[in-house]
Amino acid sequence: MCGIFAVFGFNDDALQFRKRAVALSKKVRHRGPDWSGVMASGSNILCHERFAIVGVGSGAQPLSNSDDSIILSKDLKTPYPFKTESDCEVIIPLYEQHGENIALKLDGMFAFVLYDQKNDVYLAARDHIGITTLYQGWRKSDNSVWFASEMKALHEDCDRIIAFPPGHYFVGKPGDPSSGRRMVQYYNPQFYSHLSAGYPSLDDELKMYTALRTTLEAAVKKRLMSEVPYGVLLSGGLDSSLIASITMRMRYHLESLSGEASPVYSFSIGLEGSPDLKAGVRAAEFLKTEHHEFTFTIDEGLDAIADVIYHLETYDVTTVRASTPMYLLSRKIKALGVKMVLSGEGSHEIFGGYLYFHDAPSAQSLHHECIARIQNLHTSDCLRANKATMAWGLEARVPFLDKAFLDVAMAVPANHKTTRKAPYNHHMEKYVIRKAFDTPENPYLPHEILWRQKEQFSDGVGYSWIDSLKDHAEEVVSDEHMKGAAARYQKDTPTTKEAYWYRTVFEKYFPEPACLESVVRWIPRKDWGCAEDPSGRAQKAHLAAYEKVQQ
């Protein structure tokens, strides 16, 4: 992943606007600290901040074809004279062969902007789930269209800004808004229709578990392409531990073939004595990764909140809570010379893993909630995993959101994802993915890790973390502030002092009304009887488990 910035159809002086574009592109340079590039053509400009992982020595962007008629700025080989060894350059020959339908040919995480000079057409696209961030803006004064990896490069100049929708592409001609500009959805998997058409039927349990296991292994293997040191985030929870385990198996396989393999580094963070640190060490010892454990203090976390909100570009409470430790950890990882990590985002949404899913009134309602959560991942966990890491020039890859794995996992009958409900009465959330990797003859993980109850990242790093955030909010937000919250913030009125605090910080960096359209708040289902606080610790399933341990 890199940093991209592009404008089509601007009406400013070309030389002066180039200076402005370079300055705006610099605002996302943390995403691509390795090199910068600019290409301009008439009233259009594309800028790129490069983060080199594949084709390290030759992949500077924006890229162009042999006659420079197609220019590409990409955040991600028929014969073709490739100019570089970058995995991004393949988009250009794909566009020459398939036109605007190229997004259908891509598999992975990406956001790109392309300009076809011959036909005076631009094209922007984002991956199927929105793993990679992309924003789109419009300026009324000249009908120009703007794109950037992060909102901070757009909000000073654009009258409207949106989070570019995942699984879509946008095509248009510069200048004229009536010239066929259109947003097209290219990713429309079968399970998206389940909200109205019932469930699929992957009923053979042995085939179901085997399919889950083999497709997730393939997803991890696909994401190990790297020419730089890489590692895994290892909280000791189920998802990160499974990804780490499969990564180590791939590493052992490579070693058996070549006689050598690079070490696999693992990383965890938490307050002193936190649940994640203890579980992370246990998993790392079992897997034999080169483990790095980091701690942070409450004060260090509080000091980072403003920077975290600036990089996240959201005021969502649970996203800010969880992103702060990840932001601190990413800085530590990058300082060790690691540029890419694998992470476990997406599993909770796919398998109903959040503890509030225990309260789903039916299998159908759980399944529909899973679909809704997947469709909104770009506003929460994917946003966190992308921006908290890229703030320090670290790329996070997420195998659970692989297209093929999504197809298999969402074909699992929904009543296999319910907890303590007939007909299966599974005793724990995400039973099916745990069972798929429960192979005692050749275990992927220790039993206590494979069957560890879900901890949201903001809880697992130490329960006092969230308590301290609430306490600090009590100090900086008065009762009078809360009485005036509805008048001050008519959209997404904060209902807690913590939410009010985050909103004021967001407003300081992004005061324009256009900045609000892309923000979505993550709140569990009140109609299921769930607590408003999004912390997993606030959910009844966590409280019941805690009380059972105390008895």
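Please read all numbers here as calculations on a predicted model, not as lab measurements. (Residues numbered from 1 in each chain as written. Predicted model: local features only at pLDDT ≥ 70, side-chain atom pairs only at ≥ 80, totals over all residues. Heavy atoms only, no water.)

*Asks:* A description of the overall build of the protein should follow, citing residues and the corresponding values.
*Replies:* Counting its regular elements, the protein contains 20 helices and 17 strands. Within the span of the protein, comprising 551 residues, buried residues form 60% of the whole. (Helix = DSSP H or I, 4+ residues; strand = E, 2+ residues; numbered from the N terminus. Buried < 20%, exposed > 50% of the residue type's maximum accessible area, 1.4 Å probe, protein only.)

*Asks:* Let's hear about the sheet that holds strand β16 (residues 340-342): which residues, and what values?
*Replies:* The parallel open sheet is built from five strands, whose spatial order is β15-β14-β13-β16-β17. Of all strands in the sheet, those bounded by a partner on one side alone are β15 (290-295) and β17 (395-397). Pairs of neighbouring strands in the sheet enclose a mean axial angle of 30°, with direction left out of account. Taken together, the six bridges between strand β14 (residues 265-270) and β15 define a ladder with parallel strand orientation. Among the inter-strand pairings, S268 is bridged to a residue of β15, identified as E293. (Pairing = 2+ DSSP bridges. Axes fitted to C-alpha atoms, helices over the stretch in contact; angles between N-to-C directions.)

*Asks:* Tell me what's going on with the layout of surface pockets, and back it up with residues and numbers.
*Replies:* Reported here for the second largest pocket is a volume of approximately 340 Å³. Lining the second largest pocket are 15 residues, and of these L224, Y230, M250, R251 and L254 lie nearest its centre. Of the residues forming the lining of the second largest pocket, the biggest block, four residues, is contributed by helix α5 (residues 238-258). (1 Å grid on protein atoms, 1.4 Å probe; cavity = no way out; pocket = protein on both sides within 12 Å on 5 of 7 lines; lining within 4 Å. Points joined across faces, edges and corners; volume = space filled by probe spheres on them.)

*Asks:* Give me the lowdown on the pairing of strand β1 (residues 3-8), citing residues and values where you can.
*Replies:* The buried count for β1 comes to six of six residues, which makes it a mostly enclosed element. Judged by which residues are buried, β1 turns out to be covered on both faces: G3, F5 and V7 on one side and I4, A6 and F8 on the other are all buried. As paired elements, β1 and strand β3 (residues 44-50) share six bridges and run antiparallel to each other. By the bridge assignment, F8 is partnered in β3 with N44.

*Asks:* Account for empty space enclosed by the protein, naming residues and giving values.
*Replies:* Here the second largest cavity defines a volume of roughly 80 Å³. Along its surface, the second largest cavity is lined by R126, L134, Y135, A163, E313, T314, H378, T379, L383, S518, V519 and V520. Tallied by class, the residues present in the lining of the second largest cavity amount to six nonpolar, four polar and two charged. (Nonpolar A, V, L, I, M, F, W, Y, C, P; charged D, E, K, R; others polar.)

*Asks:* Kindly report on the confidence of the model for the protein, identifying the contributing residues and their values.
*Replies:* Within the protein, residue pLDDT values average 89, and 87% of them lie at 70 or more. Throughout residues 76-80 the model reports pLDDT below 50, and contacts reaching past four residues in sequence, or to other chains, amount to 19 contacts. Counting contacts from residues 545-551, a segment whose pLDDT is below 50, to residues more than four positions away or on other chains yields one contact. (pLDDT = per-residue confidence, 0-100. Contact = heavy atoms within 4.5 Å.)

*Asks:* Tell me about the sheet that holds strand β10 (residues 160-163), and please be specific about residues and values.
*Replies:* Here we have six strands laid out as an open sheet, ordered β2-β3-β1-β9-β8-β10, and antiparallel in their pairing. Each edge of the sheet is formed by a strand with only one pairing partner; in this case those strands are β2 (35-41) and β10. Averaged over all pairs of adjacent strands, the angle between their axes in this sheet comes to 10°, without regard to strand direction. Summarising the sheet, strand β8 (residues 135-139) and β10 pair through four bridges and their orientation is antiparallel. Considered in β10, the bridge of W138 is made with R160. The strands touched by helix α1 (residues 14-25) are β1, β2, β3, β8 and β9 (144-148); relative to β3, the strand with the most contacts, the crossing angle is about 30°.

*Asks:* Quick rundown of helix α16 (residues 463-476)? Include the residues and the values.
*Replies:* Along α16, the residues classified as buried are W465, I466, S468, L469 and A473. The buried residues of α16 occupy an angular sector of 160° when the element is viewed end-on, so they sit on one face. (Arc of directions from axis to C-beta.)

*Asks:* Provide a residue-level description of the packing of aromatic side chains, including the pertinent values.
*Replies:* Tallied over the entire structure, the rule returns 33 aromatic pairs. Where F8 meets F147, the ring centres are 6.2 Å apart and the plane angle is 70°; that geometry is what we call edge-to-face. A ring pair is formed by F400 and F405, whose centres lie 5.7 Å apart and whose planes are at 65°; its orientation type is edge-to-face. For F400, a relative accessible area of 0% puts it in the buried group. On the accessibility criterion, F405 (0% relative accessible area) is buried. Every member of this aromatic cluster is reached through a ring pair, and the members are F8, Y115, Y122, F147, F164 and F170. Here the guanidinium or amino end of R249 rests over the ring plane of Y444, the centre of that ring lying 3.5 Å away. In this structure, R503 is placed above the aromatic ring of Y315, and the distance from its NZ or CZ to the ring centre is 4.4 Å. (Phe/Tyr/Trp six-rings, centres within 6.5 Å; stacked < 30°, edge-to-face > 60°. Lys NZ or Arg CZ within 6 Å of the ring centre and 35° of its normal.)

*Asks:* Before we move on, could you go through unusual backbone geometry and cite the residues and values that matter?
*Replies:* Note the cis peptide between A422 and P423, where omega equals 5°. Topologically, P423 is positioned in the loop between α12 (403-409) and α13 (431-436). Although it is not a glycine, E313 sits at a positive phi angle of roughly 65°. Turning to its location among the elements, E313 is positioned in the loop between α7 (298-312) and α8 (317-335). Judged by relative accessible area, E313 falls into the buried class, the value being 1%.

*Asks:* Before we move on, can you summarise the side chain of E429 with the specific residues and values?
*Replies:* Its location among the elements puts E429 in the loop between α12 and α13. What makes E429 buried here is its relative accessible area of 1%. Separated by 2.8 Å, the side chains of E429 and H358 make a polar contact. (Polar contact = N/O pair within 3.5 Å; in protein donor to acceptor, adjacent residues only side chain to side chain.)

*Asks:* Mind laying out the pairing of β8, listing which residues take part and the relevant values?
*Replies:* When you tally the buried positions in β8, you get five out of five residues, the bulk of the element. Taking every second residue as pointing to the same face, both faces of β8 are buried, with Y135, G137 and R139 on one and Q136 and W138 on the other. Bridge analysis of β8 against β9 gives five bridges, and the strand direction is antiparallel. By the bridge assignment, Y135 is partnered in β9 with A148.

*Asks:* Could you give an account of the packing of α7 against α8, with specific residues and numbers?
*Replies:* Running from N to C, α7 and α8 point in directions that differ by 105°, and their axes come no closer than 9 Å. It follows from the interaxial angle that α7 and α8 lie roughly perpendicular. Facing α7, whose interface residues are E300, G301, A304, I305, D307, V308, I309, H311 and L312, α8 presents T319, V320, S323, T324, Y327 and L328. Looking at the contact of α7 with α8, its residues break down into eight nonpolar, five polar and two charged. (Parallel < 35°, antiparallel > 145°, perpendicular 65-115°, else oblique.)

*Asks:* So, the pattern of salt bridges: which residues are in play, and what are the values?
*Replies:* Counted by the stated rule, this structure contains 32 salt bridges. In this structure, the salt-bridge partner of D107 is K222, at a minimum N-O distance of 2.7 Å. One end of the pair, D107, is in the loop between α2 (91-98) and β6 (111-116); the other, K222, is in helix α4 (residues 205-222), with 115 residues separating them in the sequence. The class for D107 is partly exposed, based on a relative accessible area of 44%. One salt bridge connects K152 with E150, and the closest N-O pair in it is separated by 2.6 Å. E150 sits in the buried class, given a relative accessible area of 0%. In the salt-bridge network here, residues are joined through shared partners; they are R31, E150, K152, E313 and K387. (Salt bridge = Lys/Arg side-chain N within 4 Å of Asp/Glu carboxyl O.)

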